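Fold and geometry: a report
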Amino acid sequence: MVKESRILKSRPADDSGSPPSDAARSVVSVLLVIHLLIVFVALSSYVSPSSLQSRLLSLFSLYAEPLNLNLSSGGRSDARFYLTRTTTQDFPVELEIEVQGETADAKVVLPNPDRSWGPRARREQALLSMYARFAQSEETAAILSTSIGAAVMAQHEVQRATIVCRRPKLRENTQQSGFMPAPLHDEQFEIMQHGKLMIILGEVNYNPIVLPGRESQAVPAGKSNAETTESEPPAGSRSSSNGT
Amino acid sequence: MIESTRNYFDTLTRRSGEGWNRFWFTPSGAMSLAVLRILTGLMALWLHLTLLPDLVTYFGPEGMLPVETIRQLSSDPQSSTPRYVFSYLTLCRTSDDLQAAHAIGAVVLVMFTVGLFSRLTSLLALVVVLATIHRGVVLTAEVEPILTMVMCYLCLGPTGAHLSVDRWLVRRKLLKEKNEDHAAATRPEEGPAPTMSAQVATRLIQVHLAAIYAVMVLSKLANEAWWDGEAVYWLTHTSPSALIDLTWLYAYPKTIDAWTHAIVLFELSFGLFVWIPLARPLMLSVAVVMWLSLALLTGLVPFCLMMLVANLAFVSPQAMQAAVAMVLRRGPASAMAESRA
């Protein structure tokens with residue numbers, strides 16, 4: 001205690017202005033230590049948090065989350081400070097939404113090819129990257145796909161859509177062992193595990209809707225329902241884009 | 001023996017305390033914070049305005065990211081604490097409400113950038129940026145954590161002390177009251193006395209940024225490609241936003257190796273050597289080259305620019321005053337002499 005008070009009460013060596021009171025410095029010092037501790041926990045949890053770090057993050061979440069101190073926002077942000085991990089996750093994901101209407105069909109491709117860089121392009125990439133991350137699990141695959149699909153369907157005023165999420169393949173490295181990324185224009189794609197979904201908006205009176213390969217299901221009015229279908233290799237290469 | 005041990009710990013605690021106080025509480029000027037305010041405000045404004053065309057597409061009543069979707073994505077089954085953070089944009093039920101709220105946010109960011117009611121608008125600008133981030137957290141990437149970090153600490157310092165409308169208003173008032181010489185009253189380098197809050201804000205940005213550099217390099221070194229020199233090759237092939245096509249670099253493996261190791265070496269050394277006054281200008285100069293080259297390579301332009309802006313926290317207020325004076329077409333030597341005086 002004596003040592004601590006000594007630390008906080010010693011005066012700055014070259015204080016040119018009016019020095020703050022010892023009490024003010026002590027309070028600010030304590031706040032700084034607490035804040036820096038939370039920053040340290042939040043930043044050190046970026047790569048792969050241990051159970052202790054996860055608990056501490058949860059403890060500090062009321063402070064760290066609102067201030068966005070957690071670099072990856074708890075895994076909900078596409079913040080790649082490592083830039084590359086040399087896996088398929090590095091690749092930009094492409095989302096192809098095919099809407100089937102009464103009069104005509106349409107195809108929407110995300111990301112919009114007209115946007116090559118800048119904040120708008122990065123937002124699209126982040127969203128699609130999150131889509132791909134959630135598409136790895138059957139439990140979470142439908143969360144983003146239903147909302148994105150529903151938005152595109154509402155835009156085209158249709159009731160049915162198919163979403164295909166895919167990204168370029170790795171190609172075998174001919175010079176060394178292992179795999180290397182193929183150039184993006186090689187047009188060799190793979191569909192993600194839970195990356196192909198059919199979304200059907202409910203009819204007015206809870207009409208049962210038969211989905212391909214599945215039994216009849218009741219869909220509430222105004223809600224969307226997403227079901228995974230078996231992944232199939234895409235026929236052909238990249239399709240033409242309408243953009244959004 | 002006991003006496004010498006006690007003396008050692010006495011000296012250790014005393015010197016640690018002096019060092020702590022010198023580091024955090026030595027009053028400093030606010031010119032660096034003012035420049036940071038302007039550049040950070042411009043960056044926030046750029047991100048804010050580029051969201052406008054897609055605002056309704058993402059957050060509108062029939063948008064891609066309804067509030068319920070964000071809530072679902074934020075729910076953590078392993079934690080009892082909800083991770084969803086409130087955003088005022090969730091209160092906007094119609095597209096018009098959303099656009100009006102966004103327009104008000106843009107006005108706040110403009111006020112923050114020009115330094116009007118700086119103390120208040122720095123807080124409000126942070127709220128605007130955080131609200132946008134929390135409303136569409138899945139749209140965020142690398143730039144947002146750096147932006148909010150700098151904006152958060154700018155709230156603590158006197159960011160409107162220089163190069164601001166606030167300062168201009170004060171000078172105009174003084175000019176009227178004292179009837180001073182107009183040229184003397186509008187000197188940009190003259191500002192209020194150094195303050196402790198400016199020092200705390202600057203130091204927090206510096207410490208936090210150095211820690212982020214450490215995280216960047218540690219997360220890179222967890223992957224083999226950053227050790228064996230292949231990472232830049234992967235970036236040339238997997239970055240959809242790359243500003244220039246560098247896939248031809250595959251023919252020059254040594255260049256790819258060297259670039260990869262240079263990135264790692266730079267990030268590893270920045271957090272350490274930037275604290276040494278003699279090495280600081282060198283590190284900041286290398287940072288400019290490195291971040292601009294990364295912008296070309298990855299296309300992450302907002303992120304790379306924001307890192308460059310954040311690095312300015314390491315420029316001393318005196319050097320920043322000289323730079324500002326030079327930009328405003330005054331002699332740097334006279335500005336330095338005045339700042340020393």
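Our subject is the structure listed above.
These notes cover the structure that comes with them. (Residues numbered from 1 in each chain as written. Chains lettered and ligands numbered in written order. Predicted model: local features only at pLDDT ≥ 70, side-chain atom pairs only at ≥ 80, totals over all residues. Heavy atoms only, no water.)

Further remarks concern the overall build of chain B. For chain B, the count of helices and strands is 17 helices and zero strands. In chain B, once contacts between residues fewer than 6 apart in sequence are set aside, the share between residues at least 24 apart is 75%. Summed over all atoms, the accessible surface of chain B reaches about 15200 Å², with 67% contributed by carbon and sulfur. (Helix = DSSP H or I, 4+ residues; strand = E, 2+ residues; numbered from the N terminus. Contact = heavy atoms within 4.5 Å. Areas by Shrake-Rupley, 256 points an atom, 1.4 Å probe, with all protein chains shown as cover.)

A count of helical and extended segments in chain A gives five helices and nine strands. Overall, chain A shows an N-to-C arrangement of helices and strands of α-α-α-β-β-α-α-β-β-β-β-β-β-β. By residue count, 47% of the 244 residues in chain A fall in the buried class. A separation of at least 24 residues holds for 60% of the contacts in chain A among residues at least 6 apart in sequence. (Buried < 20%, exposed > 50% of the residue type's maximum accessible area, 1.4 Å probe, protein only.)

It is worth spelling out the interface of chain B and chain A at this point. In this complex, chain B contributes 80 residues to the contact, which on the side of chain A involves 82 residues. Between chain B and chain A, the buried area comes to about 7100 Å², and carbon and sulfur atoms account for 67% of it. Remark: the boundary between chain B and chain A carries two salt bridges. Glu142 of chain B is paired through a salt bridge with Arg122 of chain A; the nearest N and O atoms lie 2.9 Å apart. (Buried area = accessible area lost by both parts, 1.4 Å probe. Salt bridge = Lys/Arg side-chain N within 4 Å of Asp/Glu carboxyl O.)

All names here are of chain B. Examined against the element boundaries, Thr260 turns out to sit in helix H13 (residues 253–273). Contact partners of Thr260, with chain neighbours within four places excluded, come to Ala225, Trp226, Gly229, Glu230, Ala231 and Val232. Here the side chain of Thr260 touches Gly229 through a polar contact of 3.1 Å, landing on its backbone oxygen. (Polar contact = N/O pair within 3.5 Å; in protein donor to acceptor, adjacent residues only side chain to side chain.)

Before going further, it helps to spend a moment on the pattern of salt bridges. Applying the stated criterion across every chain yields a total of nine salt bridges over all chains. Among the salt bridges present, the one from Lys107 of chain A reaches Glu96 of chain A, with a minimum N-O distance of 4.0 Å. Of this pair, Lys107 of chain A sits in strand E2 (residues 105–110) while Glu96 of chain A sits in strand E1 (residues 94–100), placing them eleven residues apart in sequence. Taking the relative accessible area as the measure of exposure, Glu96 of chain A reaches 10% and is therefore buried. One salt-bridge network, in which partners are shared between bridges, spans Asp78, Arg80 and Arg122 of chain A together with Glu142 of chain B.

To continue, consider empty space enclosed by the protein. Taken as a whole and judged by the stated rule, the model has four cavities of 30 Å³ or more. If you add up the space inside the largest cavity, you get close to 250 Å³. When residues of the lining of the largest cavity are traced back to their parent elements, those giving at least two are helix H4 (119–134) of chain A together with helix H12 (231–238) of chain B. No other element matches the four residues that H4 of chain A contributes to the lining of the largest cavity. Tallied by class, the residues present in the lining of the largest cavity amount to eight nonpolar, six polar and five charged. Looking at the second largest cavity, its volume works out to about 190 Å³. Looking at the second largest cavity, it is lined by 14 residues, and the ones nearest its centre are Arg123 of chain A together with Leu47, Thr132, Ile133 and Glu144 of chain B. (1 Å grid on protein atoms, 1.4 Å probe; cavity = no way out; pocket = protein on both sides within 12 Å on 5 of 7 lines; lining within 4 Å. Points joined across faces, edges and corners; volume = space filled by probe spheres on them. Nonpolar A, V, L, I, M, F, W, Y, C, P; charged D, E, K, R; others polar.)

Further remarks concern the state of the cysteines. Here a disulfide denotes a covalent bond joining the sulfur atom of one cysteine to the sulfur atom of another. Residue and element names in this part refer to chain B. Tallied over the entire structure, the rule returns zero disulfides over all chains. This cysteine, Cys152, is not joined by any disulfide, and Cys155 carries the nearest cysteine sulfur, 6.1 Å off. Residue classification places Cys152 among the buried positions, given a relative accessible area of 14%. (Disulfide = S-S within 2.5 Å.)

Another aspect to go through is the side chain of Thr140 of chain B. Positionally, Thr140 of chain B belongs in the loop between helix H6 (118–135) and helix H7 (143–154). Accessibility expressed as a relative area gives 5% for Thr140 of chain B, which makes it buried. A polar contact of 2.6 Å, which involves the side chain of Thr140 of chain B, links it to the backbone oxygen of Val137 of chain B. In contact with Thr140 of chain B, other than residues within four places in its own chain, are Ser77, Asp78, Ala79 and Ala126 of chain A together with Ile133 of chain B.

Counting 98 residues, the largest nonpolar core has Ile146, Met151, Ile205, Phe270, Trp291 and Phe303 of chain B as the members making the most contacts within it. If one sorts the elements of this core by residue count, helix H10 (residues 196–221) of chain B sits on top with 13 residues. In contact with Phe303 of chain B, other than residues within four places in its own chain, are Phe81 of chain A together with Glu142, Val143, Ile146, Met216 and Trp291 of chain B. By size, the runner-up hydrophobic cluster in this structure holds 39 residues, among which are Leu127 and Leu128 of chain A together with Leu65 and Leu73 of chain B. (Core = buried A, V, L, I, M, F, W, Y, C linked by side-chain atoms within 4.5 Å.)

All right, on to the side chain of Gln199 of chain B then. The topology assignment puts Gln199 of chain B in helix H10. On the accessibility criterion, Gln199 of chain B (7% relative accessible area) is buried.

Let us look at the packing of helix H5 (residues 141–156) of chain A against helix H4 (residues 67–74) of chain B. Axis angle and axis distance: for two packed helices, these are the angle between their axes and the distance between the axes, and together they describe the pair. Two elements in contact, H5 of chain A and H4 of chain B, have axes whose closest approach is 10 Å; the angle formed by their N-to-C orientations is 165°. The angle between H5 of chain A and H4 of chain B places the two elements in the roughly antiparallel class. In this structure, the crossing between H5 of chain A and H4 of chain B has a hand that is left-handed. In contact with Ile143, Leu144 and Ser147 of chain A of H5 of chain A, H4 of chain B contributes Thr69, Gln72 and Leu73 of chain B. Residues belonging to the contact of H5 of chain A with H4 of chain B are distributed by class as follows: three nonpolar, three polar and no charged. (Axes fitted to C-alpha atoms, helices over the stretch in contact; angles between N-to-C directions. Parallel < 35°, antiparallel > 145°, perpendicular 65-115°, else oblique. Left-handed = near helix turned anticlockwise from the far one by under 90°.)

Our focus in this paragraph is a nonpolar patch on the surface. Judged by side-chain polarity, Trp117 of chain A together with Leu243, Ile244 and Leu296 of chain B come together as a nonpolar surface patch covering roughly 340 Å² of accessible area. Relative to the assigned elements, Leu243 of chain B resides in the loop between H12 and H13. Residue classification places Leu243 of chain B among the partly exposed positions, given a relative accessible area of 35%. (Patch = residues over 30% accessible without salt bridge, like charges linked within 9 Å, V, L, I, M, F, W, Y side chains within 5 Å.)

Aromatic ring pairs: the centre-centre distance and the angle between the two ring planes describe each pair. All names here are of chain B. Counted under the stated rule, the structure contains 18 aromatic pairs over all chains. For the pair Phe23 and Trp275, a centre-to-centre distance of 5.8 Å together with 50° between the ring planes defines the contact as tilted. Note that Phe23 is positioned in helix H1 (residues 2–25) and Trp275 in the loop between H13 and helix H14 (280–298), a separation of 252 residues in sequence. The exposure class assigned to Trp275 is partly exposed, which follows from its relative accessible area of 27%. Between Phe266 and Phe270, the aromatic rings sit 5.7 Å apart at their centres with planes inclined by 65°, giving edge-to-face as the arrangement. Residue Phe266 and its partner Phe270 are both found in helix H13; the two are separated by four residues, about one turn of the helix. (Phe/Tyr/Trp six-rings, centres within 6.5 Å; stacked < 30°, edge-to-face > 60°.)

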